[in-house]
Protein chains: 2
Amino acid sequence: MEQWTSLAPYLGVAGLVVAALIYASVKKGEVGTAQMAEIADAIHDGAMAYLKRQYTVLLIFIVIVFALLYWGVGGDTALAFLAGAACSMLAGFSGMSAATAANVRTTQAASSKGQGPALTMAFNGGAVMGLAVASLGLVGIGALAQIFDIWEKAGNAAIINGFAMGASSIALFARVGGGIFTKSADVGADLVGKVEQGIPEDDPRNPAVIADNVGDNVGDVAGMGADIFESYVGSVIATIAIAATASMALLDTLSPGVTAATESAVRLGAMSFPLLVIMAGLVASLVGVLSVRILQNMDPAAALRYSTFIAAALMMAAAYWLTGQLGLSTGPFWAVLSGSMAGIIIGLITEYYTGGQPIRDIGEASKTGSATNIITGLAVGMESVAAPVLFIVIAIGLGFHFAGLYGIGIAAVGMLATVGVTMSVDAYGPIADNAGGISEQAGLGEDTRKITDGLDSLGNTTAAMGKGFAIGSAALTALALFSAYTSAVRAAAGSAIVVDVTTPGVVIGLFIGAAIPYVGASLTMKAVGNAAFAMIEEVRRQFREIPGLMEGTGKPDNRRCVDIATVAALREMILPGLTAVIAPVLVGFILGPVALGGMLAGATVSGVLLALMMANAGGAWDNAKKWIEEGNLGGKGSDPHKAAVVGDTVGDPFKDTSGPSMNILIKLMSVISLVLAPLFVQYSLNLF
Amino acid sequence: MEQWTSLAPYLGVAGLVVAALIYASVKKGEVGTAQMAEIADAIHDGAMAYLKRQYTVLLIFIVIVFALLYWGVGGDTALAFLAGAACSMLAGFSGMSAATAANVRTTQAASSKGQGPALTMAFNGGAVMGLAVASLGLVGIGALAQIFDIWEKAGNAAIINGFAMGASSIALFARVGGGIFTKSADVGADLVGKVEQGIPEDDPRNPAVIADNVGDNVGDVAGMGADIFESYVGSVIATIAIAATASMALLDTLSPGVTAATESAVRLGAMSFPLLVIMAGLVASLVGVLSVRILQNMDPAAALRYSTFIAAALMMAAAYWLTGQLGLSTGPFWAVLSGSMAGIIIGLITEYYTGGQPIRDIGEASKTGSATNIITGLAVGMESVAAPVLFIVIAIGLGFHFAGLYGIGIAAVGMLATVGVTMSVDAYGPIADNAGGISEQAGLGEDTRKITDGLDSLGNTTAAMGKGFAIGSAALTALALFSAYTSAVRAAAGSAIVVDVTTPGVVIGLFIGAAIPYVGASLTMKAVGNAAFAMIEEVRRQFREIPGLMEGTGKPDNRRCVDIATVAALREMILPGLTAVIAPVLVGFILGPVALGGMLAGATVSGVLLALMMANAGGAWDNAKKWIEEGNLGGKGSDPHKAAVVGDTVGDPFKDTSGPSMNILIKLMSVISLVLAPLFVQYSLNLF
């Protein structure tokens, strides 16, 4: 069975071929009128221009880190780092290409063929990203595992940690930069266009409207994709690392009755299991993705849900079968099951907090003004952490109960194994959003808008659920990486480390770690403010200086707005990005690996809670505003609506910039610690 | 030297006598006009009525917990619990009596004698609270220590943990209830009076204005006093507990070269040291308090600052001398010094974030509306956690470096030993605030108002610093209680416990613990909303139904508003209060004492960060509004001012209800765990 792992890169390549075929089928779709093509081209060009400049900036960072790793840890790890960074960028690039091709074709399908084909087009656009993420992960991990022969030499498993670190580094900048881009464009477009000039959303006269559409792609497609890619490879690599360094006691949990003679076989089985599970997950995801074509005439929400359930069920069946084949107990299967269930439940909880009674509470609170809207939104966000945390700890508890420390890692893998389809559903959202924007800008008929609005509104729900899922998976992945880190320290130090919170070094680490997400959130919120300010100035300037812009006779300079958002996002992403990279290195070398363990625990807990609070409050504010716009409490333009707009604006950086950045922050700090663990053990000042 | 501890109760009684004399001197001051007396009586009666009803409600809680402790832990601990609760209530009662007597006399002193005597009057009013807190702590701990002879029988030291639990229980409800009262009255008075009816702040026509003044007393005097009382006794008791169960290795740190023969002497010295330090602190505080009379003609801010510094210097000198007398190394002295310095520095950092560049940044952000005001305020609050956390961890690090685990406890004691004077400065704030309100309502001349405004504005600064200090001391106290808890578990279990964050039980505890402050903050914010809503309805009704109210011919029904705030506060404090009490009990009995250790660590870290964020953001929003009102950016009534009012309203529950509640939450959960530790060891299901 284990030898099947050698097929991983090939299966990954096959997945990429399917993604390419889907991309080709998307491209074959009709583009519609010349005006639609022009808008779509502007979005595509803007997104690609942003991506190229972002990658250029990151190249400097990658080269520096590559050199440091080469010199400090070893050439193999440095190469793995490079591969991880490259795969993450490639996934982002292909996802973005497909998304910016699918948006206009979705509009056209809605206009000429109806809801079913439009849903399929939008979903297929997202599926390219979903399958690219899953396949590139398989190719990367599978190929590196072969090259460094980790199955025979478990000691080499540490090398592929570099792959996760590469993926994480790109993810941080992609999430933060993308988040700043999308919100500065959004705020600029809304504040000057809607509020000051009184023109509708997505009005073609608004110079920032293209930048806003580009933002949906760079934030919600490329940023989200990099985030999920990181969780995906991080969880698999952490689980392999845990298995590679597992004690006999842990191996006995995984395969009762293990002896010195069977040890290496059991270890090999445990190491291969996560990779085999995601191989099965990719196949299951393909089935799920293709099933949407058959389900397209159902209710769209149901179609997307079923495709996810089909994939999850198939993956789970395969995981059960695999435990038997690998000679493992059913424990790891139950851990996979609990991780997968926790992911789904956290998504449903998110759906409640951003769509149920809480949004009506926020709406009601808007009757007494924007202050009470804000207070209620914050209270909802804070309350909303409880239930997801409960299910995260249940997943941890069950994972551990069934398979020890390995169980926490494999539960994360279970949550992420069907990423091919969950990520497709995620990426569907911004495509549908863009499709709606294009139909507005191109002035298409009401029938078309009704379809694209319906698909867009579904996209908002899937996006909110996707955010909850991203946080839940980040939490488990960070914990898995944390476990791998402590195993790595133990391996390097030659004895177990105890991260005891009754010792001062750990308490100090805990406090420092818990403060970092606050500082990161503050930096990213200010960054959005700065970038939005530049955008507002530019949009105001264009309305002032371009003759006939309001009358529709002058043309806005869209490109200039895209440029401003790009430059601002790239400038503002540096500081929060470097903070996350440097903090664990400083603490590790100065306070020591044990205090660093405390720091990682503090950052993970604090980061997960802030992320949940910010994402849910932001989503709830957004939908409370939409609920009022549906005609409740006086509808659009009423005083409660004005109050709700304030909440929505506060929620924007919460849910799309600062909140999601937390996911990466905690994973990146863990994976950097994992890779550098041997250096900390050897060279730290060990103040504690 | 150790035998001096037997003087503690007598010294405490002496302190109470001084407090009584100061109270008598306050009462001797002139009340002014009949109208002033009437207003003052209304405030006094309202505050006392609230306190009586609150204590009646708490009586039920106290009786139940007393019975449970009696049955579960033992009669002695139950008695100590009762004493702690009684002392806390007595401190609150005497502080409130003095504060509501001093407010009107401060107004009259400003009117007839000028700034110096007005400052002395307001400060003396606060000093009754400050000295009552310090003295009652000494009386309680000193007397219980004698009664249970803990100096001879170190095993009995655990009994006085009950005293800290009693103080904590009262503190939680006092802080939460007081916070809800004060903010509901404030929001009700502002929203209907200032915004809807357009009458000035503190206008006597406003039916909620007396309730608002009462709120300053129940929130900022009684609530703050109970909070600080809890930290004060908690830090001393935790340090005694650590010393009572200290290992030989720890004793060797405190007195190098300790042998089996000298062990009990060293232990006795280490146990007496905290009590002797606060005895010295009380004497030093008396000197500090009396020095204000001499310094009263200086700049008021400088006078208050010098009085604090004088007390701190005297206490420190005594602590240094005491280490020598007790045969301890100078280590504990350095720990006292670092705790004391950290407290002062955290206060200064708070002053910067609620008065420096950050408030101008928030003001500037108000130019683009309330949304950017809110985003910037939240970003400031999040950033503001970093520096205080840095100094908290430095205090932990130094405390540990100089005196091991004992050092963390004694650093907290150092921070709190001069509570007699720091609490006096704290309680001065609401008295000066009330004095300003009374001079406005009684229509006194501009000269008087200028003095009371000046004293009030200083009170805002001291209040902000006091909040920072309260959080810092809560953090160290909670950590000291946490250390005491782990020692207690070790003593009960017969072997050391390791709260290792690489084990799943601790990780689960960490997540649950970190989520509790979020839930608590959500509950208290909603509670303020509910209570404020009831108040708004009532104020609107009075303006609608009482003839001639706006014209000044009708009289508002102040009493009814006080009543509504009272009932709402008492109703709404139950749920957040019980959550804090029940959570550690459930986790302890179900998941086990080790997971509970993780929970306490998670709650402490998360609670401290949320408290800092909320208190500083709230203070910064408040002062940003005041900065605009000083004439910046268009001044009062401008668009930026309107935006800043929204921020101030959001900040109100942040800084006066939810933020401060966190302090108590973390201390109360720790002290409950400490008292029940033996039960958890014996009866827990120990799921982890």
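Computed from a prediction, not measured in an experiment: that's the story for all the values here.

*Asks:* I'd love a proper account of the overall build of chain A, names of residues and values included.
*Replies:* A tally of regular secondary structure across chain A gives 19 helices and 0 strands. Taking 688 residues into account, the globule formula puts the C-alpha radius of gyration at 26 Å, and chain A, at 24 Å, falls close to it. Projected onto the principal axes, the alpha-carbon positions of chain A cover approximately 80 × 55 × 45 Å. With 688 residues in all, chain A has 67% of them scored as buried.

*Asks:* Explain the interface of chain A and chain B to me, using residue names and the numbers behind them.
*Replies:* Counting residues at the interface gives 54 residues for chain A, matched by 54 residues for chain B. Ranking the residues of chain A by area buried against chain B places Met382(A), Phe511(A) and Tyr518(A) at the top, with a combined share of 16%. Our count for the chain A to chain B interface comes out at 2 salt bridges. Residues Lys526(A) and Glu383(B) are paired through a salt bridge, measuring 2.2 Å at the closest nitrogen-oxygen approach. In this structure, the connection of chain A to chain B is made through 8 residue pairs in polar contact (both at pLDDT 80 or more). Mapped onto the side of chain A that touches chain B, the elements with two or more residues apiece are α12 (370–383), α13 (386–416), α15 (446–493), α16 (504–545), α18 (593–629) and α19 (639–683) of chain A. Among the elements that line the side of chain A that touches chain B, the one with the most residues is α16(A), at 14 residues. Counted by class, the side of chain A that touches chain B contains 43 nonpolar, 8 polar and 3 charged residues.

*Asks:* So what about the pattern of salt bridges? Which residues, and what values?
*Replies:* Across all of its chains, the model carries 53 salt bridges over all chains by this definition. Put simply, Lys667(A) and Glu230(A) hold a salt bridge, and the shortest N to O gap is 3.1 Å. Taken together, the residues span a long stretch of sequence, with Lys667(A) in helix α19 and Glu230(A) in helix α6 (residues 209–244) at a distance of 437 residues. Residue Glu230(A) is classed as buried on the basis of its relative accessible area, which comes to 1%. Residue Arg541(B) is joined to Glu545(B) by a salt bridge in which the shortest nitrogen-to-oxygen separation is 2.7 Å. One end of the pair is Arg541(B) and the other is Glu545(B), both in helix α16 (residues 504–545) and 4 residues apart, which spans about a single turn. Here Arg541(B) falls in the partly exposed class, since its relative accessible area comes to 24%. Look at Glu545(B) and you get partly exposed, because its relative accessible area is 48%.

*Asks:* Now, about the relation of the copies chain A and chain B: what can you tell me, with residues and values included?
*Replies:* Each copy of the sequence occupies a distinct position, and chain A is placed on chain B by a rotation of 180 degrees and an axial shift of 0.0 Å, giving an RMSD of 0.0 Å. Given the turn and translation reported, the copies of this chain are related as if by a two-fold rotation axis. Among all C-alpha atoms of chain A, that of Asp500(A) lies closest to the rotation axis, at 2.1 Å. Most of the interface of chain A is mirrored in chain B, where 100% of its interface residues are also at the interface.

*Asks:* Break down the packing of aromatic side chains for me, citing the residues and quoting the values.
*Replies:* Applying the stated criterion across every chain yields a total of 20 aromatic pairs over all chains. On the basis of an interplanar angle of 85 degrees and a centroid distance of 5.0 Å, the ring pair of Tyr320(A) and Phe333(A) is categorised as edge-to-face. Here Phe333(A) lies in helix α10 (residues 331–353) and Tyr320(A) lies in helix α9 (residues 300–325), a separation of 13 residues in the sequence. A residue is classified by how much of its surface remains accessible, and Phe333(A), at 9% relative accessible area, is buried. Centre to centre, the rings of Trp621(B) and Phe654(B) are 5.8 Å apart; their planes meet at 65 degrees, and the pair counts as edge-to-face. With Trp621(B) in helix α18 (residues 593–629) and Phe654(B) in helix α19 (residues 639–683), this residue pair connects regions lying 33 residues apart in the sequence. According to the relative accessible area criterion, Trp621(B) is buried, its value standing at 1%.

*Asks:* So, the nonpolar core: which residues are in play, and what are the values?
*Replies:* Soluble globular proteins: nonpolar side chains tend toward being buried together. Counting residues in hydrophobic clusters, the biggest one holds 521 residues, and the most contacted among them are Phe273(A), Tyr406(A), Phe273(B) and Tyr406(B). If we ignore the near neighbours within four places in the chain, the residues touching Tyr406(B) are Thr239(B), Ile242(B), Ala243(B), Leu250(B), Leu254(B), Ala270(B), Phe273(B), Pro274(B) and Pro332(B).

*Asks:* Describe α9(A), naming the residues involved and giving the relevant values.
*Replies:* Across its 26 residues, α9(A) extends 38 Å between first and last C-alpha, which sits within 8% of the 38 Å expected from 1.5 Å per residue. Among the residues trailing α9(A), Gly327(A) stands out with phi positive, at a value near 75 degrees.

*Asks:* An account of the packing of helix α17 (residues 558–590) of chain B against α18(B) is requested, with residue identities and associated values reported.
*Replies:* A pair of packed helices can be characterised by two numbers: the angle between their axes and the separation between those axes. Residues and elements named next belong to chain B. Taken N-terminus to C-terminus, the directions of α17 and α18 make an angle of 145 degrees; their axes are 7 Å apart at the nearest point. The two elements α17 and α18 meet at a crossing, and its hand is right-handed. Contacts between α17 and α18 involve Ala583, Pro584, Val587 and Gly588 from the first element and Pro593, Ala595, Leu596 and Met599 from the second. For the contact of α17 with α18, a count of residues per class yields 7 nonpolar, 1 polar and no charged.

*Asks:* A description of the confidence of the model for chain A should follow, citing residues and the corresponding values.
*Replies:* Residues and elements named next belong to chain A. Chain-level pLDDT for chain A is 91 on average; 100% of the residues reach the 70-or-more range. Averaged pLDDT values for the elements of chain A fall to 87 in α15 and rise to 96 in helix α1 (residues 8–28). Note on the complex model: pTM 0.94, ipTM 0.93.

*Asks:* Give a description of the environment of Ala243(B) that names residues and reports values.
*Replies:* All names here are of chain B. Locating Ala243 in the fold gives a position in helix α6 (residues 209–244). Residue class for Ala243 comes out buried when judged on its relative accessible area of 1%. Ala243 sits 162 residues away from Leu405 along the chain, and the two C-alpha atoms are 9.3 Å apart. In this structure, Ala243 is in contact with Arg267, Ala270, Met271 and Tyr406, ignoring residues within four places of it in sequence.

What counts as what
- Residues numbered from 1 in each chain as written.
- Chains lettered and ligands numbered in written order.
- Predicted model: local features only at pLDDT ≥ 70, side-chain atom pairs only at ≥ 80, totals over all residues.
- Heavy atoms only, no water.
- Helix = DSSP H or I, 4+ residues; strand = E, 2+ residues; numbered from the N terminus.
- Rg over C-alpha atoms; globule rule 2.2 N^0.38 Å.
- Buried < 20%, exposed > 50% of the residue type's maximum accessible area, 1.4 Å probe, protein only.
- Contact = heavy atoms within 4.5 Å.
- Buried area = accessible area lost by both parts, 1.4 Å probe.
- Salt bridge = Lys/Arg side-chain N within 4 Å of Asp/Glu carboxyl O.
- Polar contact = N/O pair within 3.5 Å; in protein donor to acceptor, adjacent residues only side chain to side chain.
- Nonpolar A, V, L, I, M, F, W, Y, C, P; charged D, E, K, R; others polar.
- Least-squares fit on C-alpha atoms with pLDDT ≥ 70 in both.
- Phe/Tyr/Trp six-rings, centres within 6.5 Å; stacked < 30°, edge-to-face > 60°.
- Core = buried A, V, L, I, M, F, W, Y, C linked by side-chain atoms within 4.5 Å.
- Expected span 1.5 Å × (residues − 1).
- Axes fitted to C-alpha atoms, helices over the stretch in contact; angles between N-to-C directions.
- Left-handed = near helix turned anticlockwise from the far one by under 90°.
- pLDDT = per-residue confidence, 0-100.

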